[in-house]
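# Structural characterization, general
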Amino acid sequence: MTVQRLSPEILSAMEGAVGQNGIAVEPAGMAKYLGDWAGDYRGSALAVLRPASVGEVQAVMRLCGELGLGVIPQGGNTGLVSGAIDSKGRGLVVVSLERLNTIRQIDTDNFTLQADAGCVLQTIKDVCEAQDCLFPLALGAQGSCQIGGNAATNAGGVNVLRYGMARDLVLGLEVVLADGELWNGFSGLRKNNTGYDLKQLFIGSEGTLGIITGVEVKLFPKPARTETAYLGLASFEAAIALFNQARRDCSDLISAFEIIGSECIELARLIDPATREPVSAPVQVLIELSSSAAIDLSGLLAGFLGDAMENSLVTDAVLAASSVQARSFWAIREGLVEGQAKRGYHVRTDLSVKISDIPALIERARRFVAKEHPGWIPLAYGHAGDGNVHFNVLPPLELAMQEARARGVEVVAGLYEIAVGLGGSISAEHGIGRSRRKEFWAGLSPTHRRMVAALKSALDPKGLMNPGCLLPATETFP
Ligand SMILES: Cc1cc2nc3c(=O)[nH]c(=O)nc-3n(C[C@H](O)[C@H](O)[C@H](O)COP(=O)(O)OP(=O)(O)OC[C@H]3O[C@@H](n4cnc5c(N)ncnc54)[C@H](O)[C@@H]3O)c2cc1C
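Quick caveat: nothing in here was measured; it's all calculated off a predicted structure.

So, on to the overall build of the protein chain. For the protein chain, the helix and strand inventory stands at 16 helices and 18 strands. In terms of overall dimensions, the protein chain is globule-like: its C-alpha atoms have a radius of gyration of 23 Å, near the 23 Å expected for 478 residues. Evaluated residue by residue, the protein chain yields a buried proportion of 53% over its 478 residues. Taking as baseline every contact in the protein chain between residues at least 6 positions apart, the subset at least 24 positions apart corresponds to 73%. Each charge sign in the protein chain was given a centre, from 42 positive and 51 negative side chains, and these centres are 4 Å apart.

Take the site of the ligand next. Around the ligand, the structure places 35 residues, and the nearest of them are Pro73, Gly75, Gly76, Thr78 and Gly79. The contact in question runs from an oxygen atom of the ligand to an N or O atom on the backbone of Gly79, over 2.7 Å. The contact in question runs from an oxygen atom of the ligand to an N or O atom on the side chain of Thr153, over 2.8 Å. Relative to its unbound accessible area of 980 Å², the ligand is 96% covered by the protein chains. Looking at the shell around the ligand, the elements that each hand over two or more residues are β3 (71–74), α5 (147–153) and β10 (210–218). Broken down by element, the residue count for the shell around the ligand peaks at 5 residues, all from α5. Considered class by class, the residues forming the shell around the ligand number 13 nonpolar, 20 polar and 2 charged.

Before going further, it helps to examine the sheet that holds strand β8 (residues 170–177). The strand order β5-β6-β10-β8-β9 describes an open sheet built from 5 strands, whose pairing is antiparallel. Two strands bound the open sheet, and with one partner strand each, they are β5 (103–107) and β9 (182–185). Looking at each pair of strands side by side, their axes are set apart by 10° on average, direction ignored. Inspection of the sheet shows β8 paired to β10 by 7 bridges, in the antiparallel sense.

This brings us to the sheet that holds β3. Here we have 4 strands laid out as an open sheet, ordered β1-β2-β4-β3, and mixed in their pairing. Pairing within the sheet leaves two strands with one partner each, and these edge strands are β1 (23–24) and β3. In this structure, β1 lies alongside strand β2 (residues 47–49), joined through 2 bridges in antiparallel fashion. Note on β2: the bridge partner recorded for Ala24 is Val48.

Attention now goes to the packing of helix α9 (residues 236–249) against helix α11 (residues 297–310). It is the contact of α9 with α11, at a shortest axis distance of 11 Å, that shows an interaxial angle of 140°. Accordingly, the angle class assigned to the pair α9 and α11 is oblique. The handedness of the crossing between α9 and α11 is right-handed. Contacts between α9 and α11 involve Leu242, Gln245, Ala246 and Asp249 on the former and, on the latter, Leu300, Phe304 and Ala308.

This paragraph deals with the pairing of β10. Among the 9 residues of β10, 8 are classified as buried, and the element is accordingly described as predominantly covered. For strand β6 (residues 112–116) and β10, the ladder comprises 5 bridges, and the chain directions are antiparallel. Within the sheet, the bridge partner assigned to Thr112 lies in β10 and is Lys218.

Below, the discussion takes up the pattern of salt bridges. Tallying each qualifying case throughout the model produces 16 salt bridges. In this structure, Asp86 engages Arg90 in a salt bridge whose closest nitrogen and oxygen atoms are separated by 2.8 Å. The salt bridge partner of Glu258 is Arg333, with a shortest N-O separation of 2.7 Å. One end of the pair, Glu258, is in strand β13 (residues 254–261); the other, Arg333, is in helix α12 (residues 323–343), and 75 residues separate them in sequence. Taken individually, Glu258 and Arg333 each receive the classification buried, so the pair is uniform in this respect. Taken together, the salt bridges that share partners define one network made up of Lys32, Arg50 and Glu98.

Let us look at unusual backbone geometry. One non-glycine residue with positive phi stands out, namely Ser251, at about 50°. Tracing the sequence through the fold places Ser251 in the loop between α9 and β13.

Here we come to helix α4 (residues 121–130). Listing the buried residues of α4 in full gives Leu121, Ile124, Lys125 and Cys128. One side of α4 holds all its buried residues, which, seen down the axis, span an arc of 100°. The secondary structure elements touched by the buried residues of α4 are β5, β6, β7 (133–134) and α5. Asp132 sits one or two positions beyond α4 and adopts a positive phi of about 65°.

All right, on to α11 then. Taking 1.5 Å per residue as the helical rise, α11 with its 14 residues ought to reach 20 Å, and the 20 Å between its terminal C-alpha atoms agrees with that figure. Here α11 has its buried residues at Leu297, Leu301, Phe304, Leu305 and Ala308. Mapping the buried residues of α11 onto a view down its axis gives an arc of 95°, with all of them on the same face. On its buried side, α11 packs onto β12 (225–233), α9, β14 (283–291) and β15 (316–319). One or two steps after α11, the chain reaches Ser312, where phi turns positive at roughly 65°.

Two measures define how a pair of helices packs: the angle their axes make with one another and the distance between the axes. Relative orientation of the contacting elements helix α13 (residues 358–372) and helix α14 (residues 401–421) amounts to 150°, with a least axis distance of 10 Å. In terms of axis orientation, α13 runs roughly antiparallel to α14. Between α13 and α14 lies a crossing of right-handed hand. Residues Leu361, Arg364, Ala365, Phe368 and Glu372 of α13 form the contact with α14, whose participating residues are Arg407, Glu410, Val411, Gly414, Leu415, Ile418 and Ala419. Taken together, the residues of the contact of α13 with α14 break down into 7 nonpolar, 1 polar and 4 charged.

The rules we used
- Residues numbered from 1 in each chain as written.
- Predicted model: local features only at pLDDT ≥ 70, side-chain atom pairs only at ≥ 80, totals over all residues.
- Heavy atoms only, no water.
- Helix = DSSP H or I, 4+ residues; strand = E, 2+ residues; numbered from the N terminus.
- Rg over C-alpha atoms; globule rule 2.2 N^0.38 Å.
- Buried < 20%, exposed > 50% of the residue type's maximum accessible area, 1.4 Å probe, protein only.
- Contact = heavy atoms within 4.5 Å.
- Lys, Arg positive; Asp, Glu negative; His and termini not counted.
- Charge placed at Lys NZ, Arg CZ, Asp CG, Glu CD.
- Near = heavy atom within 4 Å.
- Polar contact = N/O pair within 3.5 Å; in protein donor to acceptor, adjacent residues only side chain to side chain.
- Areas by Shrake-Rupley, 256 points an atom, 1.4 Å probe, with all protein chains shown as cover.
- Nonpolar A, V, L, I, M, F, W, Y, C, P; charged D, E, K, R; others polar.
- Pairing = 2+ DSSP bridges.
- Axes fitted to C-alpha atoms, helices over the stretch in contact; angles between N-to-C directions.
- Parallel < 35°, antiparallel > 145°, perpendicular 65-115°, else oblique.
- Left-handed = near helix turned anticlockwise from the far one by under 90°.
- Salt bridge = Lys/Arg side-chain N within 4 Å of Asp/Glu carboxyl O.
- Arc of directions from axis to C-beta.
- Expected span 1.5 Å × (residues − 1).

Structure below.
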């Protein structure tokens, strides 16, 4: 039965677990934790608890376990699939990790860092930089998302092609299990081939198996040189051919290769009206090379681009003459994402296909939108080096919100069908959350479902960890 309100005794037990400053139950105090970044969902909760130590997280889990209360772990609340928000009124408790935010240790000889789960990603990156190191996870939300959230969602971002996703960067985790027990999976070891790699279970589990309280990550030498160029191309086919050539010619030094359909630039202008396209072309590419050693990156990039222009792969190119100009290129890429949220409701996808299938995906998706949803505006951009395309669609501004949302469901379904038809995935990096749960679950084989359900029941037998996220509530397990 769904609990609708907490008794004074329970509230006082919760206060005992996290202290007076660690609990919010009034709408005003909870508001910040109950709305998502895009404004798509408004959630509800019985209380927001903000433990300030690992012991307090354990106390919260023990208490919620005794009371049978479901828990939503929450990091920076920047997730794009409604994993940290419950809008179904299930009577859950949000557990925010924001007060658990100490960098525990940085070991520059071992190239590792240990941090509380609530540390903001940008803070970790800044601390590493000050020590001449790089933590390469990089995404538009890095000023707000937390390292625990990054691990829980297996975050990707713009540097995956060189350094991998969160799964490749996390060396160890510390987790409070559903019953309040603490598991310390830190080792500092890069090689540790001793049975099941349990941390990998929690990475990408989106708060459904336990609460991550600490994260140990790999570091890299800080790049001493970075070269960035903004390129114009005639087609997405040319972009894929260019990427192939860049991998061969640029000595594995590519750290980002982003594609941007020119239709996206208008969105960046909603954030900064002064935004100018560095090149005028239907398909644009932002390429970045970086190296920690004294390599002539600029010569390498210029030589590669010279050849690419001679072979007509690239029609126009601007090499950033300064870090300020490079920043302005990145501002276009980041602005076009923020511009969509500013414009209002939009269909958002996070599709993944083989790199070679990117042109087919975009072509089929554009044809589908033009035929089935005329007037809707398709946008294609993404981390092309990883086969990841965000194919988003903007409704006509004059369409009533309710109708736009109803039609949006059909648009998403059509786009998923196209991606799956190409052997792709409906979630490249954002995860499943609540917004993609039905499609995810429906697409699994019975064997796959059984294994997922067995893991969930073993680690969370009462089904209290983030109910409704990623997989159906336990009572509906097959
Ligand atoms: C502008 C913008 C750009 C983005 N760009 C990218 C991108 O390039 N690549 C990408 O992968 N994502 C991107 N995202 C999505 C988002 O930033 C990532 O998914 C991020 O990793 C979420 O971290 P968070 O701390 O905000 O987690 P939240 O949003 O708070 O939570 C996300 C999920 O993780 C769970 N969770 C959070 N913390 C914990 C914890 N400590 N223990 C257990 N479970 C937990 C929650 O229950 C929820 O299911 C972007 C988002 C925005 C707004």
